[in-house]
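A closer look at the structure
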Amino acid sequence: MDNEKILFDNGTHKCVMFSFDDESHEDAFLSVNQYLIVQNGHGILIDPGSSAVFDELYEAVSRHVEVENIKFIFLSHQDPDVSGAIAQWSISTLAKFIMSGLWTRFMSHYGFMSMDRVLPLGDHGAKLKFGQDSLWFVPAHFLHSPGNFSLYDSCSKIIFSGDIGAAILNTPEYYKIVENFEEHKKHLYGFHKRYMGSNKLCRAWVGHVEKLAVDMIAPQHGFIFEKEKVKEFLAWFKELQCGSDYIQELY
Amino acid sequence: MDAVKLALNAFPAGLKKDDEVVIDMVLTMDKKPLILNTKAVMFRKSETRYNFSVVFLFQFAPGQRNKLVQYITQIQMSIIREFKGL
Ligand SMILES: [Fe+2]
Ligand SMILES: [Fe+2]
C-alpha cells in the first residue's frame, strides 16, 4: 500500500495522511495513521506516533514541508502510538507541542526534556486562527483517554479524531476508506465498546461535531470516513453503548 | 547543521579562508556506516599550542541533511536514555 495519500489540497492548504507501522507488530492489525497539515508552507503534524516509525515519517514529512517550518505538533492523547516519539521530534524540529495539560508531566517518561515548548490545552480546548480559517481542538475526553482532543480543520473540513473511529482490520492495497458502513461497523464495535468511556461521552462529542461542517473523519487507526459515511458514523457513535455502560461486565 | 569544526594536528600547507574543499563524514547509524560528503569552504582557523581547529561551512543536499538530523536525533536520544535510565 502507498504510505501516503493527499486528503485535501487547494494550493495553499494541504492535508496528508501517512500510514507508517511498526512492522515488527504488523500482525496486531491496528494499523496506524499519521497526519500533516501544511498551510502556506507551515506545518502541523498530528499524532506522529512511536519511535519505531520516526525515521520513515521524518523523511516523508520533509517531502511536503521544510522540517524547520513545522510550527506545531499536536498529540491527541498520551498513548505511545501517538506520543511515543515526542523526544525525537523535539530534537529534530523547532515545533511547539499541543496536548492536554493532563499529560505534560508524563512526557518526560518518553525522554522528552523541553517542557517550555509545550502548549497545554485546558479541558475546553482552544482555537488557532489562520486567515479566515481556524483549527479547533475539540474536547474528546474519555474517548478513550481522560485528557483527549480531536482536531477540526475548518479549511479542509476534516476532523482528525484520534482513536475515535478506529477500526481493527487488515490494511487494504489502496486508499484506506470506508466503502460500506454497515460492513465496517463490525470492525469498529469491539474497539469502541471496550476503549470508549460511556454513551454519555460519545453523545457529548457528537453534539460538538454535528455543529461543524465536516466532510471527512480521519482516525488514528483504520479507515477514513467521507461524506455520507461521516453521518452514518456519527449516528452510530451517538447510540453506542460502551465502557461504563457495561459496568456489570467489567466488575 | 551547516558547519563542522575539525581539530588537526598539522595544518595543510596553503589552505586559507574561502578555499573550497570536499568533506567526507563516515558515521555509524543503526550499526551501518552513514557516509555523507559535501563541498565546503574554509571559514575560520584557530590555533593552540598543540593543534589547530578549523571551521568549514557547507550546505548539504536535503536528503543528506535529513540523514544527519536523524543521526543527531539518535545520538541525543541515547544520551537522554542513558541520563534518565530509560
Ligand atoms: Fe489511544
Ligand atoms: Fe491509538
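For clarity, every value in this text was computed on a predicted model and none was experimentally measured. (Residues numbered from 1 in each chain as written. Chains lettered and ligands numbered in written order. Predicted model: local features only at pLDDT ≥ 70, side-chain atom pairs only at ≥ 80, totals over all residues. Heavy atoms only, no water.)

**Here's the deal with the coordination of the iron ion (ligand 1)**
Residues and elements named next belong to chain A. Around the iron ion (ligand 1), the donor atoms from the protein are H77 (NE2), D79 (OD), H144 (NE2) and D163 (OD), and they sit 2.0 to 2.2 Å away. Mapped onto the sequence, the donors of the iron ion (ligand 1) take the spacing H-x1-D-x64-H-x18-D. Here the iron ion (ligand 1) and the iron ion (ligand 2) are spaced 3.5 Å apart, and both take D163 as a donor. Of this pair, D79 sits in the loop between strand 5 (70-74) and helix 2 (80-83) while D163 sits in the loop between strand 11 (158-162) and helix 4 (181-195), placing them 84 residues apart in sequence. There is no split in this pair, since D79 and D163 are both buried. (Donors = N, O, S within 2.8 Å, 3.2 Å for Na, K, Ca; no water. Helix = DSSP H or I, 4+ residues; strand = E, 2+ residues; numbered from the N terminus. Buried < 20%, exposed > 50% of the residue type's maximum accessible area, 1.4 Å probe, protein only.)

**Brief notes about empty space enclosed by the protein**
Residues and elements named next belong to chain A. Evaluation of the coordinates by the stated rule reveals one cavity of 30 Å³ or more. Here the largest cavity is characterised by a volume of approximately 40 Å³. Every residue along the wall of the largest cavity is listed here: N33, Y35, I46, D47, F74, S76, F160, S161, G162, A218, P219 and Q220. Looking at the lining of the largest cavity, the elements that each hand over two or more residues are strand 11 and strand 12 (216-219). Considering every element that reaches the lining of the largest cavity, the biggest residue donor is strand 11, with three residues. Of the residues contributing to the lining of the largest cavity, the split by class is six nonpolar, five polar and one charged. (1 Å grid on protein atoms, 1.4 Å probe; cavity = no way out; pocket = protein on both sides within 12 Å on 5 of 7 lines; lining within 4 Å. Points joined across faces, edges and corners; volume = space filled by probe spheres on them. Nonpolar A, V, L, I, M, F, W, Y, C, P; charged D, E, K, R; others polar.)

**Regarding a nonpolar patch on the surface**
Residues and elements named next belong to chain A. Taken together, the side chains of I247, L250 and Y251 present a nonpolar region at the surface, about 380 Å² in accessible area. Structurally, L250 can be placed in helix 7 (residues 247-250). For L250, a relative accessible area of 37% translates into the label partly exposed. (Patch = residues over 30% accessible without salt bridge, like charges linked within 9 Å, V, L, I, M, F, W, Y side chains within 5 Å. Areas by Shrake-Rupley, 256 points an atom, 1.4 Å probe, with all protein chains shown as cover. Salt bridge = Lys/Arg side-chain N within 4 Å of Asp/Glu carboxyl O.)

**Quick notes on the sheet that holds strand 2 (residues 20-29) of chain B**
Residue and element names in this part refer to chain B. Judged by pairing direction, the sheet is antiparallel, and its four strands sit side by side in the order 1-4-3-2 without closing on themselves. Unpaired on one side and paired on the other, strand 1 (3-8) and strand 2 mark the two borders of the sheet. Averaged over all neighbouring strand pairs, the angle between strand axes comes to 45°, with direction disregarded. (Pairing = 2+ DSSP bridges. Axes fitted to C-alpha atoms, helices over the stretch in contact; angles between N-to-C directions.)

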